[in-house]
Every structure is written in C-alpha cells, then in structure tokens.
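Notes for the structure review
For reference, the chains in residue letters:
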Amino acid sequence: MTEMLDAWVGVTSSSAVMSEVVEFYTSPKITADGKTETLRWLASLVAAGKLGECAGDALKTAVLGGADKAVEVRDAASKLMVALVEVSESAHCGVELESRMSMFASTTAAHHLV
C-alpha cells in the first residue's frame, strides 16, 4: 500500500492522498497492522519533509492511534507524534501544529483524569 502512496506523493503532494488516507485509517474495517503501517508511513512523510499542509491530518491520526487498544498502533502513533513535534520545533509546520499539539496535550491530560 505505501509504495503506491509514495508514488502519488512523488508526483503530486501529500494533500492529494491525505483525505483517502484518513478515511482508510478511520474505517471500522482497518486492522491493527493497517493502522500501524499507515502511522509509520505518515511518520516517513514527516521525516522526508513531504507532509506539507497536512500536519493537521497527520496529527488527527496520531491522536486516534494513541488511543488504540493495540500496543503496536499506540507505539507507531507515539513515533508519529514525536516526528511532528521535531518538525514543529524546527519551524517547518509553524504555529498551527504547535497550537494543535497544545490542544492534544490538554485533551489527553483531561482524558487521563477521568
């Protein structure tokens, strides 16, 4: 699956496939392996600097993955989150991602208090 996505991103941009990726990720039919592979692919986009304006979508999948029951999905989500933070710190994603990260942190903290 990721080879085809890489090919599409190579000739267009991540925004050309992101809505389908998010739709696939949120599908009730996706397996833990599918979620893990998707999160790893998103992290590779972040590392390669190919995420573009899709930081919000990547963050959404990381948040969803962080709440998954499967350990491997949560691990992949954590790695994606770290990659997003590193990119944010180097100012590639700007203020929007930092704002969303703060919102995620406060939501997660509130969730753990319940």
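The structure contained in this document is the topic of the report that follows. (Residues numbered from 1 in each chain as written. Predicted model: local features only at pLDDT ≥ 70, side-chain atom pairs only at ≥ 80, totals over all residues. Heavy atoms only, no water.)

**A word on the side chain of Thr61**
Relative to the assigned elements, Thr61 resides in helix α4 (residues 55-66). When its relative accessible area of 1% is taken as the criterion, Thr61 is described as buried. Once residues within four sequence positions are removed from consideration, Thr61 is found in contact with Val22, Tyr25, Leu39, Leu42 and Leu80. (Helix = DSSP H or I, 4+ residues; strand = E, 2+ residues; numbered from the N terminus. Buried < 20%, exposed > 50% of the residue type's maximum accessible area, 1.4 Å probe, protein only. Contact = heavy atoms within 4.5 Å.)

**A look at the pattern of salt bridges**
Applying the stated criterion to the full structure yields one salt bridge. A salt bridge links Lys35 to Asp68; the shortest N-O distance between them is 2.6 Å. Of the two residues, Lys35 sits in helix α3 (residues 32-48) while Asp68 sits in the loop between α4 and α5 (71-89), which places them 33 residues apart along the sequence. The exposure classification of Lys35 matches that of Asp68, with both residues buried. (Salt bridge = Lys/Arg side-chain N within 4 Å of Asp/Glu carboxyl O.)

**A closer look at the environment of Lys35**
Accessibility expressed as a relative area gives 19% for Lys35, which makes it buried. In contact with Lys35, not counting residues within four places along its chain, are Tyr25, Ile30, Asp68 and Val73. Within the local environment of Lys35, its side chain forms a polar contact with the side chain of Asp68, the two groups lying 2.6 Å apart. (Polar contact = N/O pair within 3.5 Å; in protein donor to acceptor, adjacent residues only side chain to side chain.)

**Section: α3**
An ideal rise of 1.5 Å per residue puts 24 Å on 17 residues; α3 measures up with 24 Å between its terminal C-alpha atoms. Residues Gly34, Lys35, Thr36, Thr38, Leu39, Trp41, Leu42, Ala43, Leu45 and Val46 constitute the buried set of α3. At the exit of α3 stands Gly49, carrying a positive phi of roughly 75 degrees. (Expected span 1.5 Å × (residues − 1).)

**Observations regarding a negative patch on the surface**
Together, Glu3, Asp33, Glu37, Glu72 and Asp75 line one region of the surface with negative charge. Among the secondary structure elements, those contributing two or more residues to the negative patch are α3 and α5. Secondary-structure assignment places Glu3 in helix α1 (residues 2-11). Residue Glu3 is classed as exposed on the basis of its relative accessible area, which comes to 59%. (Patch = residues over 30% accessible without salt bridge, like charges linked within 9 Å, V, L, I, M, F, W, Y side chains within 5 Å. Areas by Shrake-Rupley, 256 points an atom, 1.4 Å probe, with all protein chains shown as cover. Lys, Arg positive; Asp, Glu negative; His and termini not counted. Charge placed at Lys NZ, Arg CZ, Asp CG, Glu CD.)

Everything listed is a geometric property; what it means functionally is a separate question.
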